[in-house]
Amino acid sequence: MSRRNISKKRFPEADPNYNSYLVSLLVSRILKSGKKNLAQNIVTSAFEIIQAKTNEDPVTVFERAIRNASPVVEVKARRIGGSTYQVPVEVSGFRATNLALRWIITYAHQRVGRSMSIKLASEIIDTANDIGNTIKKKEETHRMADANKAFAHFRY
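As annotated in an unreviewed UniProt entry, the protein carries the name Small ribosomal subunit protein uS7c and is attributed to Chaetoceros muelleri. In its Function (unreviewed entry) section, the UniProt record describing the protein reads: "One of the primary rRNA binding proteins, it binds directly to 16S rRNA where it nucleates assembly of the head domain of the 30S subunit." Per UniProt, the protein carries the Sequence similarities (unreviewed entry) text "Belongs to the universal ribosomal protein uS7 family."

Written as structure tokens, this is what we have:
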């Protein structure tokens, strides 16, 4: 293994069906116990449901959902002088996307429905329309950061 390969972050290839990097990230987050084919089938059927419900391109709806769910700031616990403070920190672009994907999948799992593809499609549509649990989570994260603005000078 070459030495310079160690520090480079590896990004997955763009999804072959939709030619989107975000879709391949979604597939890899849904993945359970190495069953990538199943994860791809879930995403594909979810996108078909989105297409049927919204009459829009499912990839653009999904990208809008990710944009709406991506947080700008978050709080990180920082220990200073024996006490722990929740310090607001700006979120990098990649981490914001990751958090948005994680929240969408988590709240899709928690929804009541028949199949994961229906639940995922509903969560993506709700998030794209600025409603739903994912948006609540983002707003809660922003509220926490806003409430702890006084500790912003402890930023690392």
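Trainee: Tell me about unusual backbone geometry, and name the residues and values.
Mentor: Located in the positive-phi region is N55, a residue other than glycine, with phi close to 55 degrees. By the secondary structure assignment, N55 is in the loop between α2 (36–54) and α3 (58–69).

Trainee: I'd like to hear about helix α1 (residues 21–30), residue by residue, with values.
Mentor: Burial runs high along α1: seven of the ten residues are buried. Those residues of α1 that are buried are in contact with α2, α3, α4 (93–110) and α5 (116–128). For α1, the N-terminal capping position is held by S20, with its side-chain oxygen 3.3 Å away from the main-chain nitrogen of L22.

Trainee: Give me the lowdown on the packing of α1 against α4, citing residues and values where you can.
Mentor: Axis separation between α1 and α4 bottoms out at 10 Å; the angle between their running directions is 50 degrees. For the element pair α1 / α4, the angle class is oblique. Crossing of α1 against α4: the hand is right-handed. Residues Y21, L22, L25, L26, R29 and I30 of α1 form the contact with α4, whose own contacting residues are F94, T97, N98, L101 and I105. Along the lines of polarity and charge, the residues of the contact of α1 with α4 split into eight nonpolar, two polar and one charged.

About the cut-offs
Residues numbered from 1 in each chain as written. Predicted model: local features only at pLDDT ≥ 70, side-chain atom pairs only at ≥ 80, totals over all residues. Heavy atoms only, no water. UniProt positions renumbered as here; feature names shortened; annotations may be inferred. Helix = DSSP H or I, 4+ residues; strand = E, 2+ residues; numbered from the N terminus. Buried < 20%, exposed > 50% of the residue type's maximum accessible area, 1.4 Å probe, protein only. Contact = heavy atoms within 4.5 Å. Polar contact = N/O pair within 3.5 Å; in protein donor to acceptor, adjacent residues only side chain to side chain. Axes fitted to C-alpha atoms, helices over the stretch in contact; angles between N-to-C directions. Parallel < 35°, antiparallel > 145°, perpendicular 65-115°, else oblique. Left-handed = near helix turned anticlockwise from the far one by under 90°. Nonpolar A, V, L, I, M, F, W, Y, C, P; charged D, E, K, R; others polar.

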